[in-house]
Amino acid sequence: MSRLRAQIPLAAALLAIGLVGCSAAPAPTARPAASPEPPPATTPAPRVASGSAPGETFAVGVRQLKLNRDGDRPLPVTVWYPARGGAGDAPRRGATAATGRFPVVVFSHGLGGRPADYAALLTRWTAAGFVVAAPTFPHTSRGTDTNVLDVLNQPADVSYVLDQVLALDTKAGDPLRGRLATDRVAAAGHSAGGVTTIGLFTAGRDARLDAGVVFAGTALGVGTAFAGAAAPQLFVHGEADEVVQYAAGKAVYDAVPWPKAMLSLPDGDHGRALLSDGAALRVVSDTTVDFLRWTLYGDEKARARIPGDAARGGIATLDDRL
């Protein structure tokens, strides 16, 4: 693939740490490079105005978009959205969108994964009042050549997906017309998707992004030159991660120049808490939901709940610099 040839040295670094998704076998990890000095902060505070997140829990609707960037990068997108109906019901295809304007979170899966693998977490975000758009990447999803080098193309894929999803807000006849808060957008991702997400705030900075959530990510291949307006970041990493060393994720976190927090799970692996229900998922879900409520709705009460969310059950610790 021609886009990759100039980036092979960077991609080799990704291969060196054995960057794989949760469903793949563990690979050897390398000692992370020393953490660089963090660049100076661009602005001291988030740019989203103060407000209140919805107090209700929504039903969840789901739909699929068939997208293709440049004609040779098919990007089917699963979109979960707040819907009318009974909260707690299974996601329903074609459900009528709930009344309101909802912030958008774009989520990037890990190598060998697919969006549906993360439904336990992502539908909780949706029920809390967020539209979640999750592309299936053409070379790193399950059933493809799982080419880790293609991770370097994925930040541009995500920006393209955002173009198309946000355009639905003004598309005549679309079920999500008038339902998207297009000025309140975050990016999130796991493992290779965490690399993708970091890239959206560094070399591939997408200026529309107000916040980021990085699960078990590393900056190898995309760097730590964080750029643009302040965008708070929440890192989530298992200290027993067998694929991406905890120290590698912590090094990236240390380089973030903006408001930030790191949720660490002492017994956490590379991502089981994201894929199955349980106490760890509840802690991760509650903490990330309140982080998104604060950064995308401007809800200061949600910000105040984050330390308590993280401490529940003694499962995790929180380095809070928000």
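Residues numbered from 1 in each chain as written. Predicted model: local features only at pLDDT ≥ 70, side-chain atom pairs only at ≥ 80, totals over all residues. Heavy atoms only, no water.

Peer 1: So, the overall build of the chain: which residues are in play, and what are the values?
Peer 2: Helix and strand counts for the chain come out as eight helices and ten strands. Going through the 322 residues of the chain one by one, you find that 56% of them count as buried. Sequence separation of 24 or more characterises 72% of the internal contacts of the chain that already satisfy a separation of 6 or more. Summed over its atoms, the accessible surface of the chain is roughly 12300 Å², and 54% of this surface lies on carbon and sulfur atoms. (Helix = DSSP H or I, 4+ residues; strand = E, 2+ residues; numbered from the N terminus. Buried < 20%, exposed > 50% of the residue type's maximum accessible area, 1.4 Å probe, protein only. Contact = heavy atoms within 4.5 Å. Areas by Shrake-Rupley, 256 points an atom, 1.4 Å probe, with all protein chains shown as cover.)

Peer 1: Provide a residue-level description of the side chain of aspartate 210, including the pertinent values.
Peer 2: Here aspartate 210 lies in strand 7 (residues 209-215). Excluding its chain neighbours within four sequence positions, the residues that come into contact with aspartate 210 are Arg47, Val48, Asp183, Arg184, Val185, Ala230, Ala231, Pro232, Thr295 and Leu296.

Peer 1: Lay out the confidence of the model for the chain in plain terms, naming residues and giving numbers.
Peer 2: In low-pLDDT regions, the fine details of the predicted coordinates are not to be read closely. For the chain, the mean per-residue pLDDT works out to 88, and 86% of the residues sit at or above 70. Within the model, pLDDT remains below 50 along residues 1-18, and this stretch shows 41 contacts once partners closer than five positions in the same chain are excluded. When the criterion is pLDDT under 50, residues 20-44 qualifies, and its contacts beyond four places in sequence or with other chains add up to 52 contacts. (pLDDT = per-residue confidence, 0-100.)

Peer 1: Give a description of helix 2 (residues 119-127) that names residues and reports values.
Peer 2: Inspection of helix 2 places Leu121, Leu122, Thr123, Trp125, Thr126 and Ala127 among the buried residues, and these make up the whole buried set. The first or second residue beyond helix 2 is glycine 129, which carries a positive phi of 115°.

Peer 1: Give a detailed account of the pattern of salt bridges, specifying residues and quantitative values.
Peer 2: Evaluated as defined, the whole model comprises 16 salt bridges. For aspartate 174, the salt bridge is made with arginine 63, and the minimal N-O distance between the two is 2.9 Å. Of the two residues, aspartate 174 is situated in the loop between helix 3 (154-167) and strand 6 (180-190) and arginine 63 in strand 1 (residues 59-69); the sequence distance between them amounts to 111 residues. Taking relative accessible area as the criterion, arginine 63 reaches 17% and is therefore assigned buried. Taking the shortest distance from any N to any O, the salt bridge between aspartate 70 and arginine 69 comes out at 3.5 Å. Put simply, Arg69, Asp70, Arg73, Asp150 and Asp157 are held in one network by salt bridges that share partners. (Salt bridge = Lys/Arg side-chain N within 4 Å of Asp/Glu carboxyl O.)

Peer 1: If you had to explain unusual backbone geometry to someone new, which residues and values would you point to?
Peer 2: Phi is positive for threonine 146, which is not a glycine, with a value near 40°. The residue threonine 146 is located in the loop between strand 5 (131-135) and helix 3 in this model. What makes threonine 146 partly exposed here is its relative accessible area of 35%. Of note in this structure, serine 191 is not a glycine but carries a positive phi near 60°. Along the chain, the position of serine 191 falls in the loop between strand 6 and helix 4 (192-199).

Peer 1: Tell me about the packing of aromatic side chains, and name the residues and values.
Peer 2: Per the counting criterion, the structure on display carries nine aromatic pairs. Ring centres of phenylalanine 201 and tryptophan 258 lie 6.1 Å apart, and the angle between their planes is 65°; this geometry places the pair in the edge-to-face category. Separated by 57 residues along the polypeptide, phenylalanine 201 in the loop between helix 4 and strand 7 and tryptophan 258 in the loop between helix 5 (246-255) and strand 9 (260-265) bring together distant segments of the chain. Residue classification places phenylalanine 201 among the buried residues on the basis of a relative accessible area of 0%. The buried category is assigned to tryptophan 258, whose relative accessible area is 4%. Feature note: the residues Phe107, Tyr118, Trp125 and Phe215 constitute an aromatic cluster, connected by ring pairs. Directly above the aromatic system of tyrosine 253 lies the positively charged group of lysine 260, at a separation of 4.8 Å from the ring centroid. For the cation-ring pair, arginine 303 lies above tryptophan 294, with the distance from its terminal atom to the ring centre recorded as 5.9 Å. (Phe/Tyr/Trp six-rings, centres within 6.5 Å; stacked < 30°, edge-to-face > 60°. Lys NZ or Arg CZ within 6 Å of the ring centre and 35° of its normal.)

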